[in-house]
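# Close look at the chain arrangement
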Amino acid sequence: MIELFSFWLMSIVEDDPIPYEISSICFCYTKNGDTKTLFMGGCEFEPKPNYQFDYFPLEAQFFDCTELKKIPLAHYDEIVCDLIDEGFSSDYIKSQYYGKRIYYGEYNTNLKYLFTVLN
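Given the structure is predicted, the values throughout are model-derived calculations rather than measurements.

Our next topic: the side chain of Lys-36. Here Lys-36 lies in strand 2 (residues 35-43). For Lys-36, a relative accessible area of 11% translates into the label buried. A distance of 3.4 Å separates the side chain of Lys-36 from the side chain of Asp-77, its partner in a polar contact. Among residues more than four places away in sequence, those in contact with Lys-36 are Tyr-29, Thr-30, Lys-31, Leu-73, Tyr-76 and Asp-77.

Now the structure itself:
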């Protein structure tokens, strides 16, 4: 799952590089019954509730991972936070997302700050 996530992160910036003005990268989910859907977007400033993404490329709008869909909701947040942390271990990904603040949470709520991407 980590390899797929890393590939997803690389493919997003390959097709649509992150503009300099984007300081925050948000990994968000939406709920539909017992399923959560993960996606990514970026903001110029720290995300607040009801924020709109300033950077939301097509590739980032859905992380398609069958394994992630099978994770029980009780463990979803913990596993996704670990996945995000591990996904940023590659030097290439760090260079593409350098200086960006990483957030995670449910879309249009207060997101949790995770870390800033550094070398």
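Moving on: the packing of aromatic side chains. For the structure on display, the rule yields 18 aromatic pairs. Where Phe-5 meets Trp-8, the ring centres are 5.7 Å apart and the plane angle is 50 degrees; that geometry is what we call tilted. Pair noted here: Phe-5 and Trp-8 are both in helix 1 (residues 2-15), with a separation of 3 residues, about one helical turn. The exposure classification of Phe-5 matches that of Trp-8, with both residues buried. Linked through ring pairs, Phe-5, Trp-8, Phe-27, Phe-63, Phe-88, Tyr-97 and Phe-115 together constitute an aromatic cluster. Here the basic side chain of Lys-36 rests over the ring of Tyr-29, its NZ or CZ set 4.1 Å away from the ring centre.

Looking at chain direction, strand 1 (residues 24-32) and strand 2 are connected through 9 bridges and run antiparallel. Residue pairing across strands places Cys-26 opposite Gly-41, the latter belonging to strand 2. Counting the residues in the hairpin turn of strand 1 and strand 2 gives 2 residues, including Gly-33, whose phi is positive at 70 degrees.

Procedures and definitions
- Per-chain numbering applies: the sequence of each chain, read as written, is numbered from 1 onward.
- Totals for whole chains, interfaces and linings use every residue, but because this is a predicted model, local features are given only for residues with pLDDT of at least 70 and side-chain atom pairs only at 80 or more, for both listing and counting.
- Heavy atoms from the whole structure form the basis of all side-chain values; hydrogens and water molecules are not counted.
- Runs of E in the DSSP output that reach at least two residues are strands. Runs of H or I that reach at least four are helices, and both are numbered from the N terminus.
- Summary of the burial criterion: residues with accessible area below 20% of their type's maximum are buried, those above 50% are exposed, and those between are partly exposed, where the area comes from a 1.4 Å probe applied to protein chains only.
- Under the rule applied, a polar contact is a pair of N or O atoms within 3.5 Å (in protein, one hydrogen donor and one hydrogen acceptor; residues adjacent in sequence only if both atoms are side-chain atoms).
- By definition in these notes, contact holds between two residues if any of their heavy atoms fall within 4.5 Å.
- By convention, a stacked pair of Phe, Tyr or Trp rings (six-membered ring in the case of Trp) has centres within 6.5 Å and planes under 30 degrees apart, an edge-to-face pair has planes over 60 apart, and any other such pair is tilted.
- Both a distance and an angle decide whether a charge sits over a ring: NZ of Lys or CZ of Arg must be within 6 Å of the ring centre and within 35 degrees of the ring normal.
- We treat two strands as partners when DSSP finds at least two bridges between them.

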